[in-house]
Amino acid sequence: MVNSTSFSGSQYAIVGGGLMGRLLALALAQRGAQVDLFEKGDSDASGAAARIAAAMLAPLAESAITEDSVVRMGIYSLPRWQELISQLSTPVFFQQDGTLILWHHQDASEAERFTAHLEKNSRNHAHLQAPQKLNAAEVRDLEPGVADRFKQGLYLPDEGQIDNRQLLPALLLELINLKVNCHWNTAVNPNDLRQNSYYRAVIDCRGTGAKSAWNDSSNTLRGVRGEVIRLFAPEVKLRRPTRLIHPRYPIYIAPKEDDVYVVGATEIESDDLSQMSVRSAMELLSAVYTVHSGFAEARILEMATQCRPTLKNNLPEIKAYKDKDLADLIMINGLYRHGFMIAPAVLDCTLEMLALGESTTAKDLDLCINTEANPLKVAACV
Ligand SMILES: Cc1cc2nc3c(=O)[nH]c(=O)nc-3n(C[C@H](O)[C@H](O)[C@H](O)COP(=O)(O)OP(=O)(O)OC[C@H]3O[C@@H](n4cnc5c(N)ncnc54)[C@H](O)[C@@H]3O)c2cc1C
């Protein structure tokens, strides 16, 4: 872990106060740096993907659709989340009680393929327990609320979730306490800030707002639209994130505190931030009702849309620029649908980059740090 002496007294600008921007601003301020944070939207993060996310931390479940490097970043990040939230003065709901995977009997062959895939992937990771096949009694023990509908399931013991709606304000409070200069409702181009000689580095955490900055590279940035519904469902008693395997409507249900459930998410190749479509609402709500009939009497708290910041290869990347007479520029992007799952890993790699000009953690985790535009060569991109 990088110590405070590397940062103490130095000045940094961070552009974007969503997930990565807040985490970095806090980490630098805790190490004695002076930090200016610029955010286009308000202090509630209402323009950030981070506010809409379900914030599940599910490296094995996600291994079905992502690369091994992202899975490793997810495994690395689970214990780091616990450390990070233990430093906050406000409690943040964090749970590591596993993920339950369910399917209706007509989707059994798809579930079989999925199970085989996860079994294979878990063997590649010493720190991940293998998925456990559950019979009817075991489903009942784990989640009695779904036992009348599901006689089998799959349990991924290591996985967890965090409450983003608690985390974001908790980080904000810490930033205020540590006297980070927060500039809300202030859209900024990071390149303009680089002219200011007092910044040691400018860090671009704009998510999809950084599109034009990535679009001159081969790894272009796009938004992937996601729609989620927040429900208040006191009749439902689900204790852990639950996913439904379904050929058309694969959904997840993330139970938060106080009977709130986040149900999501659509995944549509589009930058469209308009309200949820009727079709998506119908699909999400009908699928969730097939998991637990108690959702029929749930109250809809919110239907929300955001776009996941996604690079062409669907992987995260850090770009580092070092130019004469300008502050260094670090661009962090491509967290896609795994931002919460991998954020602590990306944070630690960025801190190493800022302090040492290289990151051994990034090399270990195969996080791409692209330095082609400058001599700060660190890790080969996959
Ligand atoms: C529907 C949905 C569900 C998700 N579920 C999960 C999940 O279960 N697990 C998981 O790990 N991840 C999940 N994610 C992904 C996760 O939310 C993102 O990967 C993560 O938020 C990306 O973090 P970021 O800091 O890069 O971007 P953001 O959180 O989007 O923050 C970017 C910030 O930059 C600001 N900004 C933009 N332009 C400017 C500018 N010019 N000047 C100043 N500020 C600017 C924006 O207003 C925003 O606040 C989900 C995402 C969505 C949309």
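The coordinates are above.
Presented here is a report on the structure given in the accompanying data block.

Parameters at a glance
- Residues numbered from 1 in each chain as written.
- Predicted model: local features only at pLDDT ≥ 70, side-chain atom pairs only at ≥ 80, totals over all residues.
- Heavy atoms only, no water.
- Pairing = 2+ DSSP bridges.
- Helix = DSSP H or I, 4+ residues; strand = E, 2+ residues; numbered from the N terminus.
- Contact = heavy atoms within 4.5 Å.
- 1 Å grid on protein atoms, 1.4 Å probe; cavity = no way out; pocket = protein on both sides within 12 Å on 5 of 7 lines; lining within 4 Å.
- Points joined across faces, edges and corners; volume = space filled by probe spheres on them.
- Nonpolar A, V, L, I, M, F, W, Y, C, P; charged D, E, K, R; others polar.
- Buried < 20%, exposed > 50% of the residue type's maximum accessible area, 1.4 Å probe, protein only.
- Near = heavy atom within 4 Å.
- Polar contact = N/O pair within 3.5 Å; in protein donor to acceptor, adjacent residues only side chain to side chain.
- Areas by Shrake-Rupley, 256 points an atom, 1.4 Å probe, with all protein chains shown as cover.
- Axes fitted to C-alpha atoms, helices over the stretch in contact; angles between N-to-C directions.
- Left-handed = near helix turned anticlockwise from the far one by under 90°.
- Salt bridge = Lys/Arg side-chain N within 4 Å of Asp/Glu carboxyl O.

## Things to note about the sheet that holds strand E3 (residues 56–57)
Spatial ordering of the open sheet is given by E3-E8-E4, a layout of three strands whose pairing is antiparallel. At either end of the open sheet lies a strand with only one pairing partner, and these are E3 and strand E4 (94–95). As judged from the two bridges shared by E3 and strand E8 (residues 160–162), these two strands associate in the antiparallel manner. Across the sheet, Leu-57 pairs through a bridge with Gly-160, a residue of E8.

## Side note on the environment of Ala-33
When you line up the elements, Ala-33 lands in the loop between helix H1 (19–30) and strand E2 (34–38). Placed 151 residues apart in sequence, Ala-33 and Trp-184 show a C-alpha to C-alpha distance of 20 Å.

## What to know about the side chain of Asn-164
Structurally, the position occupied by Asn-164 is in helix H7 (residues 164–177). The contacts of Asn-164, once residues within four sequence positions are left out, are Ala-50, Arg-51, Ile-52, Ala-53, Ala-55, Pro-169, Arg-230, Lys-256 and Phe-340.

## Digging into the layout of surface pockets
As a volume, the second largest pocket reaches approximately 160 Å³. Taken together, Asn-189, Pro-190, Asn-191, Arg-194, Asp-204, Arg-206, Ser-212, Ala-213, Asp-216, Tyr-321, Leu-329 and Met-331 form the lining of the second largest pocket. Of all the secondary-structure elements, those providing two or more residues to the lining of the second largest pocket are helix H8 (190–193), helix H9 (211–214) and strand E17 (328–333). Of the residues contributing to the lining of the second largest pocket, the split by class is five nonpolar, three polar and four charged.

## Things to note about the pairing of strand E11 (residues 221–232)
Burial analysis of E11 places ten of its twelve residues in the buried class, the great majority of the element. In this structure, E11 lies alongside strand E15 (residues 299–311), joined through twelve bridges in antiparallel fashion. By the bridge assignment, Ile-229 is partnered in E15 with Met-303. Of the strand pairs in this sheet, E11 and strand E14 (residues 260–264) are connected by four bridges, and their pairing is antiparallel. Pairing of Arg-230 across the sheet is with Val-262, part of E14.

## Some thoughts on the site of the ligand
Neighbouring residues of the ligand: 36 residues in total, closest Met-20, Glu-39, Tyr-336, Phe-340 and Met-341. Take Val-188: an N or O atom from its main chain is 3.0 Å from a nitrogen atom of the ligand. Its free accessible area being 1,000 Å², the ligand has 96% of it covered by the protein chains. Elements with a minimum of two residues in the shell around the ligand: H1, helix H2 (49–52), E11, E15 and helix H11 (339–356). Considering only residue class, the shell around the ligand consists of 21 nonpolar, ten polar and five charged.

## Some points on the environment of His-104
Inspection of the secondary structure puts His-104 in the loop between strand E5 (99–103) and helix H5 (108–123). Of note is the side chain of His-104, whose polar atom sits 3.0 Å from the side chain of Thr-290.

## Some points on the packing of H1 against H7
How two helices sit against one another is set out by the angle between their axes and by the gap between those axes. The contact between H1 and H7 brings their axes to 10 Å, and the two run at 35°. Viewed along their axes, H1 and H7 form a crossing whose handedness is left-handed. For the pair H1 and H7, contact is made by Leu-19, Arg-22, Leu-23, Ala-25 and Leu-26 and by Leu-167, Leu-168, Pro-169, Leu-171, Leu-172, Glu-174 and Leu-175, respectively. When the residues that make up the contact of H1 with H7 are grouped by side-chain class, the tally is ten nonpolar, no polar and two charged.

## A closer look at unusual backbone geometry
Omega for the bond connecting Gly-264 with Ala-265 falls within 30 degrees of zero, at -20°, which places this linkage in the cis form. Tracing the chain through its elements places Ala-265 in the loop between E14 and helix H10 (278–291). Look at Lys-179: it is not a glycine, yet its phi comes out positive at around 60°. Positionally, Lys-179 belongs in the loop between H7 and strand E9 (181–183). The phi angle at Asp-325 is positive, at roughly 65°, despite the residue not being glycine. Relative to the elements of secondary structure, Asp-325 occurs in the loop between strand E16 (317–321) and E17. On the basis of relative accessible area, Asp-325 is assigned to the exposed category, the value being 70%.

## Looking at the pattern of salt bridges
Counted under the stated rule, the structure contains 24 salt bridges. A salt bridge links Asp-366 to Arg-72; its shortest N-O distance comes to 3.0 Å. Here the residue Asp-366 occupies a position in the loop between helix H12 (360–365) and strand E18 (368–370), and Arg-72 occupies one in helix H4 (residues 68–86), the gap between them amounting to 294 residues. On the basis of relative accessible area, Asp-366 is assigned to the partly exposed category, the value being 31%. A single network of salt bridges, built from pairs that share partners, joins Glu-62, Arg-243, Glu-267, Arg-308 and Arg-337.

Such coordinate-based values are descriptive only and should not be taken to indicate function.
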